[in-house]
Amino acid sequence: MIFGRQRRKPISIPTKEVKEWKYTTCNYCSTGCAIEIGLSESGRIVTSRGHAGADVNRGKLCIKGLLEHELFESPGRGKMPLMRDKAHLPFAPASWDAALDKTAAKIKEIQAKYGRDSFAVVSTGQLLTEEFYTLGKLVRGQIGTNNYDGNTTLCMASAVSGYKRSFGSDGPPGCYEDFEHTHCLMAFGSNLPEQHPIIYWRLKEALEKRKFPLIVVDPRVTMLAQFADIHLPITPGTDVVLVNSMMHVILKEGLEDCEYIEKHTQGIEALQALVADYDPVHAQHICGIDEDRIRTVARLYAKAPAAMSIWTMGINQSTHGSDGVVDINNLNLITGNIGKPGGTSLSITGQCNAMGTREWSSCSGLPGYRLLEKEKDRKRVADFWGIDESFFPPARGLAQTDIFPAIETGEIKGLWLVATNPMTSMPNQPRIRKAMENLEFLVVQDVYEDVETNKYSHVFLPAAVWAEKEGCHTNTERRVNLTRNVLPAYADSKPDFWIFNQMAKRFEDRNQIHFPETAEGAFNEMRELSSDAGRMLDISGMSYDRIEAARGIQWPYSQAQAQADSQAIGQSEDFDMALRLPFKGNPRLYTDGVFQTPSGRANLIPLRFIDNNERPDTEYPFWLNSGRVVEHFHTRTRTGKIGNCNKFSPTPYMEMNPDAAAELGVEHQTYVRVVSRRGDAVVMVQLTQRVGRDMLFIPFHFHDCVNRLTLGLLDPYSRQPAFKQNAARIEKIDQAEAARLNLERRAF
Ligand SMILES: Nc1nc2c(c(=O)[nH]1)N[C@H]1C(S)=C(S)[C@@H](COP(=O)(O)OP(=O)(O)OC[C@H]3O[C@@H](n4cnc5c(=O)[nH]c(N)nc54)[C@H](O)[C@@H]3O)O[C@H]1N2
Ligand SMILES: Nc1nc2c(c(=O)[nH]1)N[C@H]1C(S)=C(S)[C@@H](COP(=O)(O)OP(=O)(O)OC[C@H]3O[C@@H](n4cnc5c(=O)[nH]c(N)nc54)[C@H](O)[C@@H]3O)O[C@H]1N2
Ligand code: SF4
Ligand SMILES: [Mo]
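Predicted model only: the values in this text are computed from it and were never measured.

1. Let's talk about the overall build of the protein chain
At step 1: Broken down by element type, the protein chain carries 28 helices and 26 strands.
At step 2: On C-alpha atoms alone, the protein chain measures out to a radius of gyration of 25 Å, which is about the 27 Å that the 2.2 N^0.38 rule sets for 748 residues.
At step 3: For the protein chain, the spread of C-alpha atoms along the principal axes amounts to about 70 × 70 × 65 Å.
At step 4: Of all intrachain contacts in the protein chain linking residues separated by at least 6 positions in sequence, the fraction that spans at least 24 positions is 74%.

Right, dumping it as structure tokens:
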């Protein structure tokens, strides 16, 4: 008999079989890694590798990117359109024509009966930019509902709103290269090693060349916190208090950048008056960080020749998400840290193309950061598409998190979900289920037919995934990068771009608009719209070939700049220069200190802390925190199907502090029931010091798990839910019963 190692197959190196490498960009997180897919002689995919010449990842990939090519034939993919009269009845296969006809007819029927806005469209941050632009054109220009938004409201809405309030426009001003220049980095609620592993690698590399302090603000001892010089385990939801208090110290001790404040900002007096109330002596009792620590960090930050802040969901997903972003911007403005190398306010984006949807989808406005509220913008886009301006509403409609309550109340009767899975990702799942059951018509457009939300649908449209399509993504640092079409769509699934174009034909009775047949055609329309004088979001100098040659270009990138770059390359004898430097774009915004506000000055905005989160109490004594792990992406529709991702965390689990567990008699690797005011969930306990005695942390990737418990109070500006600040208690349960429940749940 042969045991163990001897039975294993020897390691094979598949690159030997590769005959051609095709250029793509990763379709998971917003880091924006360039991936080359290796094809064999017969056109079969045999492997992937990080592109060594791409500035973002320089040959590296994380586990998700490395295994992404296994998606194409993963189980559960949608093979053909499906239809049924009632949700929960068996589906019948349908032709594309039948499925699209039925969907268009239902949309029209519902709109005729209940009004144009009674049909809602909710999309995502995970399509290609050309698809977003096309969907926007279809929804804003033809279907004409104002209840159109994306899952980015769960994700980046607070960053968008905070940037707009401070700088007059969305658009992260910094880039990864800032790590090379900074003298102090502060990370708020962002766990780079797990959620943006390659950005983390860029940071590590910068730190190895030149040491600078890394300060991490997170209530949990994350992997990033473990590598920090200073970890500030903040009381959940109180970042505004910490930042106000830092500014108190900076202004009191005269450490601010007076010249920058004077020349480029407005509102310093009101800010100064407010932060006077946030003496660290008092603030420490609210934010849980010792007064001397606050002073030390404030001095370190203000005295650094260049200091930068990054943040992710620990800030955005809060009832003070937008305020948190504005306050981080305030801190950087008063210390003169915007638009300079190593000095910036850089929101780390979530999904691969959350930036692309902000820029071009028309979800919260019109393409290219244009606003429905501005007559000039409405007219420009209406003229460009050849429709009557009055077809556009004068202000944006409901945000994604307000669309579901409107379904519950019956205001919205029909819904089209594109590449999002709210049954698992939205807070307070019991309410979302009720909303879904209330719909007269639901169409789900997803890569997988076994996605949880599809249980409630009447029509299912199977979409092609990632490199089965062609088009662009924009990453965290405004870099537009390309995915080439590597292989045909699986079975009878179709690229989302094709689906939108076909649907548009069915709405020509409302408005005749030209829809280009290729993604590049749509890209060229976007370029044209972006080139109007004074538009910061200018991509007019880009083309697919230029993007691929540069392995991504950072906007703004004008035609004039592209011409100058072309000439420089033409004259260059230097091979490296010709290969790497051309068409780089612009790494930073606001380098001249001129902002997108009417006065050109950035707004300093005073923010008073309001304590309005659900908090632990005697009945529910734990803070319930949630987030992610490196090997899974969101609701696991993809990574749950890839063996080498799923095997690292196949079971819903919860981090719990050993002292708290000992008090309740809970043991490591046993199951418990977690209960909140909304519902309950069964999870396996992982004892760890990563969380304090009063905190539980549950990765949100699993269905029927943490979002049965979350409340999701909304930020007043961004409408983003406070996923991370809820209260819960723990109950012991029968272990055999729990194991059975979990096995059942995993069998999707
Ligand atoms: N592997 C993997 N990578 C991903 C994703 C994924 O699903 N899997 N998703 C992508 C997406 S869409 C996103 S949005 C990003 C999210 O990336 P991150 O935001 O980095 O990830 P999270 O784990 O959601 O949350 C980060 C941290 O916020 C902390 N936090 C909670 N409350 C507070 C608070 O009040 N203040 C502060 N300062 N911190 C707090 C949590 O303890 C947690 O450690 O990741 C992207 N990358
Ligand atoms: N408790 C808790 N909940 C959270 C969070 C948290 O931290 N805690 N984070 C929130 C955040 S930041 C986010 S971004 C959301 C994510 O929430 P969702 O967007 O709902 O989650 P995903 O699993 O990414 O869903 C994307 C869907 O698109 C499908 N898909 C992938 N590619 C394509 C494509 O090319 N075309 C089409 N048509 N479909 C495609 C996938 O199969 C999947 O079903 O979750 C939020 N929910
Ligand atoms: S870091 Fe993000 S973009 Fe890069 S390979 Fe991993 S998931 Fe993809
Ligand atoms: Mo996200």
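2. Observations concerning the sheet that holds strand β5 (residues 92-93)
At step 1: Read from one edge to the other, the open sheet built from seven strands follows the order β5-β4-β16-β15-β14-β6-β7, with strand pairing classed as mixed. Sheet topology places β5 and β7 (148-150) at the edges, where each strand pairs with a single neighbour.
At step 2: On the sheet, helix α3 (residues 96-114) packs against β4 (82-83), β6 (119-123), β14 (414-418), β15 (441-446) and β16 (459-462) and is oriented at approximately 130° with respect to β16.

3. A word on the nonpolar core
At step 1: Ranked by size, the top nonpolar core spans 126 residues in total, and within it L138, M186, L242, W416 and W555 carry the most contacts.
At step 2: Those residues within four positions of L138 in sequence are excluded, and the remaining contacts are I143, G144, W416, F500, M503, A504, F507 and F515.

4. Remarks on the site of ligand 2
At step 1: Surrounding ligand 2, one finds 32 residues, the nearest of these being Q126, N151, S425, D446 and T635.
At step 2: In the environment of ligand 2, an oxygen atom lies 2.6 Å from a nitrogen or oxygen atom belonging to the side chain of D446.
At step 3: Side-chain polar atom of K469 to an oxygen atom of ligand 2: 2.8 Å apart, as the coordinates give it.
At step 4: Protein contact buries 99% of the 920 Å² of open area that ligand 2 shows by itself.
At step 5: The cavity that encloses ligand 2 is the largest cavity.

5. So, the packing of aromatic side chains
At step 1: Tallying each qualifying case throughout the model produces 15 aromatic pairs.
At step 2: When the ring of Y200 is compared with that of F227, the centres are 5.7 Å apart and the planes differ by 25°; the resulting orientation is stacked. With a gap of 27 residues between them, Y200 in helix α7 (residues 197-209) and F227 in the loop between α8 (223-226) and β10 (230-232) connect regions that are remote in the sequence.
At step 3: Look at Y200 and you get buried, because its relative accessible area is 11%.
At step 4: The exposure class assigned to F227 is partly exposed, which follows from its relative accessible area of 42%.

6. Here we look at empty space enclosed by the protein
At step 1: Using the criterion set out here, one finds seven cavities of 30 Å³ or more in the structure.
At step 2: Taken as a whole, the largest cavity encloses approximately 580 Å³ of empty space.
At step 3: In terms of lining, the largest cavity is formed by 39 residues, of which the most central are Q126, N151, Q351, A419 and H634.
At step 4: Broken down by class, the residue content of the lining of the largest cavity amounts to 16 nonpolar, 16 polar and seven charged.
At step 5: Looking at which domains feed residues into the lining of the largest cavity, each of domain 2 (82-155 + 353-469 + 479-530) and domain 5 (622-747) gives three or more.
At step 6: Empty space within the second largest cavity amounts to approximately 500 Å³.
At step 7: Mapped onto the lining of the second largest cavity, the elements with two or more residues apiece are α6 (192-195), α14 (313-316), β21 (622-627) and β25 (695-699).
At step 8: Residues of the lining of the second largest cavity, tallied by class, amount to 12 nonpolar, 19 polar and seven charged.

7. Points about the state of the cysteines
At step 1: By the definition in use, this model includes zero disulfides.
At step 2: C645 supplies the cysteine sulfur nearest to C705, a cysteine that is in no disulfide, at a spacing of 19 Å.

8. Section: helix α9 (residues 239-252)
At step 1: In this model, α9 (14 residues) spans 20 Å end to end at C-alpha, consistent with the 20 Å of a helix rising 1.5 Å per residue.
At step 2: Burial analysis of α9 places 13 of its 14 residues in the buried class, which makes it a mostly covered element.
At step 3: Positioned one or two residues after α9, G254 has a phi angle of 65°, which is positive.

9. Some thoughts on the domain arrangement of the protein chain
At step 1: Along its sequence, the protein chain is organised into domain 1 (20-73), domain 2 (82-155 + 353-469 + 479-530), domain 3 (157-348), domain 4 (544-580) and domain 5 (622-747).
At step 2: For domain 3 and domain 5, the distance between their C-alpha centroids amounts to 29 Å.
At step 3: The partner domain 5 presents 23 residues to the 25 residues of domain 3 that form the contact.
At step 4: It is R220, Q317 and T319 in domain 3 that bury the most area against domain 5; as a group they hold 34% of the surface buried on that side.
At step 5: On the surface where domain 3 and domain 5 come into contact, there are one salt bridge.
At step 6: Across the pair R220 and E655 runs a salt bridge whose closest N-O atoms are separated by 2.9 Å.

Parameters at a glance
Residues numbered from 1 in each chain as written. Chains lettered and ligands numbered in written order. Predicted model: local features only at pLDDT ≥ 70, side-chain atom pairs only at ≥ 80, totals over all residues. Heavy atoms only, no water. Helix = DSSP H or I, 4+ residues; strand = E, 2+ residues; numbered from the N terminus. Rg over C-alpha atoms; globule rule 2.2 N^0.38 Å. Contact = heavy atoms within 4.5 Å. Pairing = 2+ DSSP bridges. Axes fitted to C-alpha atoms, helices over the stretch in contact; angles between N-to-C directions. Core = buried A, V, L, I, M, F, W, Y, C linked by side-chain atoms within 4.5 Å. Buried < 20%, exposed > 50% of the residue type's maximum accessible area, 1.4 Å probe, protein only. Near = heavy atom within 4 Å. Polar contact = N/O pair within 3.5 Å; in protein donor to acceptor, adjacent residues only side chain to side chain. Areas by Shrake-Rupley, 256 points an atom, 1.4 Å probe, with all protein chains shown as cover. 1 Å grid on protein atoms, 1.4 Å probe; cavity = no way out; pocket = protein on both sides within 12 Å on 5 of 7 lines; lining within 4 Å. Sits in = over half its atoms within 2 Å of the grid points. Phe/Tyr/Trp six-rings, centres within 6.5 Å; stacked < 30°, edge-to-face > 60°. Points joined across faces, edges and corners; volume = space filled by probe spheres on them. Nonpolar A, V, L, I, M, F, W, Y, C, P; charged D, E, K, R; others polar. Domains from an automatic or database assignment. Disulfide = S-S within 2.5 Å. Expected span 1.5 Å × (residues − 1). Buried area = accessible area lost by both parts, 1.4 Å probe. Salt bridge = Lys/Arg side-chain N within 4 Å of Asp/Glu carboxyl O.

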